[in-house]
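What follows is the residue order along each chain.
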Amino acid sequence: NTSKLGEACETRTDGSGNLVPQCNPNLVCVHYDQDVAQKAQKSNKTECVQCSEPQWSWDCPNWDWQLRDPAEELCGKTCDAFPTQGKTDYYYDEFNDFNPTYFYRDLPCVDYASWPEDGNLVIAIDDWGDDSEYYGGCVYGKTLHGSGNYSARMAPFSRTDTGFVSAFYMYSDDDDYYNHDEIDFEFRSQSGGSYDSAPCVWTNVFTDYDPDYHWGKSEDVCLDSDSRFNWDDSSQTEFHDYRLEYVQGKYIKWFVDELLIREERDFVPTKKMNLRFSVFYLDNSWGGYLDKDLLPVTVSFASMTFTYDSADDEDNCNNKESDSVTNTDTTGCDCYDWYYDRRDWDGDTETTYTSSDASRTKYIDSVPRECYCGETGDIDGYGYCNI
């Protein structure tokens, strides 16, 4: 018996005595991070995939770039993981390896301060042997993104008994601080102030420099005082989901574990930005004070999912009116072009489809969880826009 769908390819000897990875008939053996054009197999990890429908559309949204990219080339297909309507793109990464096509970690970062480890992207502060210079790493995206959803599953701190800061944020391609746009999740393991910052999430936005918001318009949201969360000092040493929902010039929403913790509609960037991830220390009352004897300290990312509108200078949700919004209503709001959640809404019922559910394709035609329809649109609890 050769390997089945989703299993590693079984290595067998062919008629010429060569070892050849094989799958069951009608399946294709894919080497992770394989360069098909150069016939280079960069990884020993393999998986049997199905190129034909409907299995392809059920499976491919769950693959990260290492499997999806070579599978698309070998199968001659593309993976439309989310409703695209010709406008949306997406990126998914489980950090089995570092993707140099999408991210870079050299200047202003250092490549040795971040690495993939046990399926996580780890970024560290340490004494790197440079005459006792202590500094942290960072990873920057190479692509500028506009309206979309940007989600990271991350553990902001490796410990909370010393002061450092980790960040998951968006930043525009501007060298001038006074002209840049920025949206932040920042996490302080131990502030030097009068309260405990470890259970808190610092949310911040910067656009169109305003002296009243020299460092941005920020809100510190402490989740240990929010009844929806059962958080304490150690909660952010564990993995949680942090998501930014951004519509250029319209609004920003910050989510933790899919619960909304802040919304901003008055002070909103208009520029496309890249995604950035970093860890650093400040030794001040805001960021806390780092005990060098406790190094290294780290932030870890388990996965990232980005869905975004890749069309240049296009506003999909500009004052469009409709009684309700569905994916078949072409006269209404087009926010579903980049929606994040694979969910199907039916009255008070919310169903999340798993990869093994045969009904999983239903999310292709589902109503988005979040939708914005112009300045006067109200959003009800099920993601419908009521004008």
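Residues numbered from 1 in each chain as written. Predicted model: local features only at pLDDT ≥ 70, side-chain atom pairs only at ≥ 80, totals over all residues. Heavy atoms only, no water.

Moving on, we come to the overall build of the chain. Across its full length, the chain holds two helices and 26 strands. Taking all 387 residues of the chain together, 51% fall into the buried category. If you take every contact in the chain between residues at least 6 apart in sequence, the share linking residues at least 24 apart comes to 62%. Accessible surface for the chain amounts to roughly 17700 Å². Of this, 42% is attributable to carbon and sulfur atoms. (Helix = DSSP H or I, 4+ residues; strand = E, 2+ residues; numbered from the N terminus. Buried < 20%, exposed > 50% of the residue type's maximum accessible area, 1.4 Å probe, protein only. Contact = heavy atoms within 4.5 Å. Areas by Shrake-Rupley, 256 points an atom, 1.4 Å probe, with all protein chains shown as cover.)

Within the structure shown, the criterion is met by 26 aromatic pairs. Considering the side-chain rings of phenylalanine 168 and phenylalanine 185, the 6.1 Å spacing of their centres and the 10° angle between planes classify their relative orientation as stacked. One end of the pair, phenylalanine 168, is in strand E14 (residues 165–172); the other, phenylalanine 185, is in strand E15 (residues 182–188), with 17 residues separating them in the sequence. Sitting above the plane of the tyrosine 140 ring, arginine 276 keeps its charged end 4.1 Å from the centroid. (Phe/Tyr/Trp six-rings, centres within 6.5 Å; stacked < 30°, edge-to-face > 60°. Lys NZ or Arg CZ within 6 Å of the ring centre and 35° of its normal.)

Backbone-to-backbone hydrogen bonds join strands into a sheet, with any given pair of strands oriented parallel or antiparallel. The strand order across the open sheet formed by seven strands is E8-E12-E21-E14-E15-E16-E17, and the pairing between neighbours is antiparallel. Strand pairing shows two members of the sheet lacking a second neighbour, strand E8 (103–104) and strand E17 (217–222), which therefore form its edges. Relative to E17, strand E16 (residues 200–206) is paired through six bridges, and the arrangement is antiparallel. Note that in E17 the partner of valine 205 across the bridge is lysine 217. (Pairing = 2+ DSSP bridges.)

Okay, unusual backbone geometry next. Residue proline 108 follows leucine 107 across a cis peptide bond; omega there is 5°. Residue position: proline 108 is located in the loop between E8 and strand E9 (114–117). Of note, the amide linkage connecting leucine 295 to proline 296 takes the cis form, showing an omega dihedral of 5°. Turning to its location among the elements, proline 296 is positioned in the loop between strand E21 (273–280) and strand E22 (297–309). At asparagine 26, a position not held by glycine, the phi torsion is positive, near 75°. Looking at where asparagine 26 falls in the secondary structure, it is placed in the loop between strand E2 (19–22) and strand E3 (28–31).

As a further point, take the pairing of E21. Extensive coverage of E21 is indicated by the burial of seven of its eight residues. With eight bridges joining them, E14 and E21 adopt antiparallel strand pairing. What sits directly across from tyrosine 171, in E21, is asparagine 274.

Now for the environment of aspartate 106. Structurally, the position occupied by aspartate 106 is in the loop between E8 and E9. Overall, aspartate 106 belongs to the partly exposed group, its relative accessible area being 45%.

Applying the stated criterion across every chain, the model contains five disulfides. At a sulfur-sulfur separation of 2.2 Å, the disulfide partner of cysteine 9 is cysteine 29. Looking down the S-S bond of the cysteine 9 and cysteine 29 bridge, the torsion is 115°, so its handedness is right-handed. Of the two residues, cysteine 9 sits in the segment before strand E1 (10–13) while cysteine 29 sits in strand E3, which places them 20 residues apart along the sequence. With respect to burial, cysteine 9 and cysteine 29 carry one shared label: buried. Here cysteine 51 is linked by a disulfide to cysteine 75, with a sulfur-sulfur distance of 1.9 Å. The chirality of the disulfide connecting cysteine 51 with cysteine 75 is left-handed, given an S-S dihedral of about -55°. Highlighted residues: cysteine 51 in the loop between strand E6 (46–49) and helix H1 (55–59) and cysteine 75 in helix H2 (residues 65–75), separated in sequence by 24 residues. For the pair cysteine 51 and cysteine 75, one class covers both residues: buried. (Disulfide = S-S within 2.5 Å.)

Before going further, it helps to spend a moment on the pairing of E15. Counting buried positions along E15 gives seven out of seven residues, so the element sits mostly inside the fold. Taking every second residue as pointing to the same face, both faces of E15 are buried, with Glu182, Asp184, Glu186 and Arg188 on one and Ile183, Phe185 and Phe187 on the other. As paired strands, E14 and E15 are joined by seven bridges and run antiparallel to one another. Along E15, the bridge assignment pairs methionine 170 with isoleucine 183.

A few words now on the side chain of threonine 203. Structurally, threonine 203 can be placed in strand E16. At 3.0 Å, the side chain of threonine 203 and the side chain of arginine 262 are in polar contact. Apart from the residues lying within four places of it in its own chain, the contact partners of threonine 203 are Asp184, Lys217, Ser218, Glu219, Val221, Trp254, Ile261 and Arg262. (Polar contact = N/O pair within 3.5 Å; in protein donor to acceptor, adjacent residues only side chain to side chain.)

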